[in-house]
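Results of the structural survey
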Amino acid sequence: MTAGPARNEIHLLERELELELEAAQPRIPRLKLRRPVAFVLLVALILVAWEGAKLLGGTPWHAPGAGPGAPVIWNPPFRWTFANDLNLPHVWNIAYAMGQPFQRGADETLLQYLVFAALYTWREAALGFLLGSLLGLGLATFFVHSRLAERAFVPYVIASQTVPIIALAPLIVFAMGQGVLAVVVIATYLTFFPVTIAMLRGLRSFDPRALELLRSYGASRSGVYTKLRLPASVPYLFTALKIAATASIVGAIIGEDTGAIQQGLGRVITTFNQYYATGPEKLWAAIFIAALLGVTFFLIVRLTEIVALRNRQSIDA
Amino acid sequence: MAGSADSAPIVHISGVDKVFAGREGGRTTALSAIDLDIRPGEFVSLIGPSGCGKSTLLRVIGDLVQPTRGSVQVNGKSAEQARRDRDYGMVFQAPVLFDWRSVEDNVKLPLEILGKDKAWRAKRAKEMLELVELGEFTKHMPYQLSGGMQQRVAIARALSFEPRILLMDEPFGALDEMTRERMNDEVLRIWGQTGTTVVFVTHSIPEAVYLSSRVVVMSARPGRITRVVDIDLPRPRSDASRETPRYFELITEVREALRAGGGDVDDAGTPSAARTLAEGAVG
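Nothing here was measured: the structure is a model prediction, and the numbers come from that model. (Residues numbered from 1 in each chain as written. Chains lettered and ligands numbered in written order. Predicted model: local features only at pLDDT ≥ 70, side-chain atom pairs only at ≥ 80, totals over all residues.)

1. Focus on the overall build of chain A
A tally of regular secondary structure across chain A gives eleven helices and zero strands. In sequence order, chain A lays out its α and β elements as α-α-α-α-α-α-α-α-α-α-α. Looking at chain A residue by residue over its 317 residues, the buried ones come to 32%. Once local pairs closer than 6 in sequence are excluded, the contacts in chain A between residues at least 24 apart make up 71%. (Helix = DSSP H or I, 4+ residues; strand = E, 2+ residues; numbered from the N terminus. Buried ≥ 20, exposed ≤ 12 C-beta atoms within 10 Å, placed from the backbone. Contact = placed C-beta atoms within 7 Å.)

2. Points about the sheet that holds strand β5 (residues 77-78) of chain B
All names here are of chain B. A sheet is described by the order of its strands in space; here four strands give the open sequence β2-β1-β4-β5, paired in antiparallel fashion. Every interior strand has two partners, whereas the edge strands, β2 (27-38) and β5, have only one. Looking at chain direction, strand β1 (residues 11-21) and strand β4 (residues 69-74) are connected through five bridges and run antiparallel. Counterpart to I13 in the pairing with β4 is V72. (Pairing = 2+ DSSP bridges.)

3. Concerning the confidence of the model for chain A
Looking at chain A as a whole, the pLDDT averages 88, with 88% of positions reaching at least 70. Taken element by element, chain A is modelled with least confidence in helix α1 (residues 4-24) of chain A, mean pLDDT 56, and with most confidence in helix α4 (residues 110-145) of chain A, mean pLDDT 96. (pLDDT = per-residue confidence, 0-100.)

4. Some words on the nonpolar core
Residues V199 and V254 of chain B are the most contacted members of the largest nonpolar core, which totals 81 residues. With seven residues, the top contributor of residues to this core is helix α5 (residues 147-159) of chain B. Composition of this core by domain shows at least three residues from each of domain 1 (11-87 + 165-282) and domain 2 (95-162) of chain B. Every residue in contact with V254 of chain B, bar those within four places of it in the chain, is listed here: I47, I205, A208, V209, V215, V217 and V229 of chain B. M98, F129, A169 and V183 of chain A belong to the second-largest nonpolar core, a separate cluster that totals 59 residues. (Core = buried A, V, L, I, M, F, W, Y, C linked by C-beta atoms within 7 Å. Domains from an automatic or database assignment.)

5. Overview of the environment of D176 of chain B
Within the secondary structure layout, D176 of chain B lies in the loop between β7 (165-169) and α6 (177-194). Note: C-alpha distance between D176 of chain B and G148 of chain B (28 residues apart in sequence) is 8.8 Å.

6. Some words on helix α4 (residues 118-131) of chain B
Owing to its 3.6 residues per turn, the α-helix aligns residues three or four sequence positions apart on the same side. Residues and elements named next belong to chain B. For α4, with 14 residues, the first-to-last C-alpha span of 20 Å sits near the 20 Å given by 1.5 Å per residue. Residues R121, R124, A125, M128 and L129 constitute the buried set of α4. In a view along the axis of α4, the buried residues occupy a sector of 130 degrees, so they form one face of it. Structural note: α4 exposes A119 and W120 on the side pointing more than 90 degrees away from its buried face. For α4, the secondary structure elements touched by its buried residues are α3 (103-113) and α5. Once α4 ends, the next one or two residues include E133, with phi positive near 60 degrees. (Expected span 1.5 Å × (residues − 1). Arc of directions from axis to C-beta.)

7. Observations concerning the sheet that holds strand β6 (residues 88-91) of chain B
Where strands meet in a sheet, backbone hydrogen bonds hold them as pairs that are either parallel or antiparallel. Residue and element names in this part refer to chain B. A sheet is described by the order of its strands in space; here six strands give the open sequence β6-β7-β8-β3-β9-β10, paired in mixed fashion. The open sheet is flanked by β6 and β10 (224-230), the only strands paired with a single partner. Adjacent strand axes in the sheet meet at a mean angle of 20 degrees when their direction is disregarded. Here four bridges tie strand β3 (residues 43-47) to strand β9 (residues 214-219), and the two strands are oriented parallel to one another. Bridged to L46 within β9 is V216. (Axes fitted to C-alpha atoms, helices over the stretch in contact; angles between N-to-C directions.)

8. Describing the domain arrangement of chain B
Residues and elements named next belong to chain B. Domain assignment breaks chain B into domain 1 (11-87 + 165-282) and domain 2 (95-162). No other element matches the five residues that α6 contributes to the side of domain 1 that touches domain 2. Across the side of domain 1 that touches domain 2, the residue classes tally to seven nonpolar, two polar and two charged. (Nonpolar A, V, L, I, M, F, W, Y, C, P; charged D, E, K, R; others polar.)

9. Observations regarding the interface of chain A and chain B
Tallying the contact residues gives 28 residues for chain A and 33 residues for chain B. Put simply, the parts of the chain that give the side of chain A that touches chain B at least two residues each are α1, α8 (208-216) and α9 (221-258) of chain A. Here the side of chain A that touches chain B gets eight residues from one element, more than from any other, and that element is α8 of chain A. The class makeup of the residues in the side of chain A that touches chain B is eleven nonpolar, eight polar and nine charged.

10. Focus on the packing of α3 of chain B against α5 of chain B
All names here are of chain B. Running from amino to carboxyl end, α3 crosses α5 at an angle of 30 degrees, the nearest separation of the two axes being 7 Å. Judged on the interaxial angle alone, α5 and α3 are roughly parallel. Judged by the sense of rotation from one axis to the other, the crossing of α3 with α5 is right-handed. In this structure, α3 contributes V103, N106, V107, L109 and P110 to the contact, and α5 contributes V153, A156 and R157. Residues that form the contact of α3 with α5 fall into these classes: six nonpolar, one polar and one charged. (Parallel < 35°, antiparallel > 145°, perpendicular 65-115°, else oblique. Left-handed = near helix turned anticlockwise from the far one by under 90°.)

Pasting the structure below:
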């Protein structure tokens, strides 16, 4: 049998080891470079494929911003329709167009114009995102507390998303009147769904033994909700919010178009679409900015997630 | 020392049956005709083979499982009332720490639910963590602790609101033998300092004998109490107690009681499939 003092020593040794192991864990998570590098490589690859297609089968190349009469600097061996300057403008021409006035005689460059439009759209999207997330959280909270309500209503929640938003948007605009409100409602409509579905799971993702524990403390339903269900669901919430962030942008853009909003990316995209033949670069630039807006919103949610979950590391037992 | 034989029981169980409805209309009798009195300050272990219902019995006492028949009185109240009065502290085989809370905040959890004020919560958490010798780990997150340390946090959490009865369901089943022996001494020390009544479910005969005032031997199908062995080893107990002839006699006595009940229990106390079975039955 182990004698007392020897055992104490083992105890001390174990604790020392524990402390050492703990000290070895970096306090600030190391910046992971692999994913950003992969992202940059992917973007580079797309650009190479894009210009590669134009190199082989595009319209004869001119210097950036030069008119049709300018000297040809490269004559591609093939003529592919999809790669001509109308269908697939040069990347540098899109970039060049960004620096030019957005329309004849305008003071703002296309880039400035698009960034302002994007910020305007973002305001609507963010509002829809917020309302949709709250609605989703509220619905999921209701459903996890009532099996009956869950069975009765969840099919309708799912059905709501099978209706094309293009068909629904005019109805919402008609009901709400043209204006920002209708746009926000459309963004909300696209946002609440992922949050509802994810939180239906998230609010049930706790350890059942933790529920027994809370019951043994005599915790009420609301105590179980705030101390266990909600905190346990946070990882699920963020997964849903990341989807909702991009969905809310799509919703706002569609809403602006249908709702005849005079500002915002939706309007810009509609206009540039109409004038595509005379300036294809402008629509491509608008699409690029719209995508950038979605990615930015996504990254903001992702960063919030990293901060919110920084201390959480699941313990398996 | 444990409560004397003549004091009124703190837990009074009479004629308790528990029948679980099976999946295909079948029924499993988890507990049958259980009568048991536990006196204040006693350390009672429930031991038995897989599926003997010892975990279920613990949950019946704690009002986490409703008995099919019979009654459980705690301090003259129903088990439900006792639960609402926060008479129970629970410790499971797994620590069940909330991984988004620091060690200190885990200990504060029951106090938050009880609506204690902030200063008191902080003071109490500090005291309890010192009691389990984790005073320097208050700000750590659960994942930064070893299994034994996590289980000590769970014990600190269970004791934080001064429950009258500590219900422990194989709390050290997942720990290695050395840590387990150390934790046994720790539990005895805490028990001695707090005077709490402890009901302790275990698979391990040596553990049950070393810790308990009484060992309740159970057998399976249906789960019932076959014997109660009084453990008259003098206290305080230490490694020396583990070497006395009386200790070995008592181990033999418990083992024979288990054999007589048709159970086969692992002497080393390694946890087995019983755990999953018991949990499956409860869930």
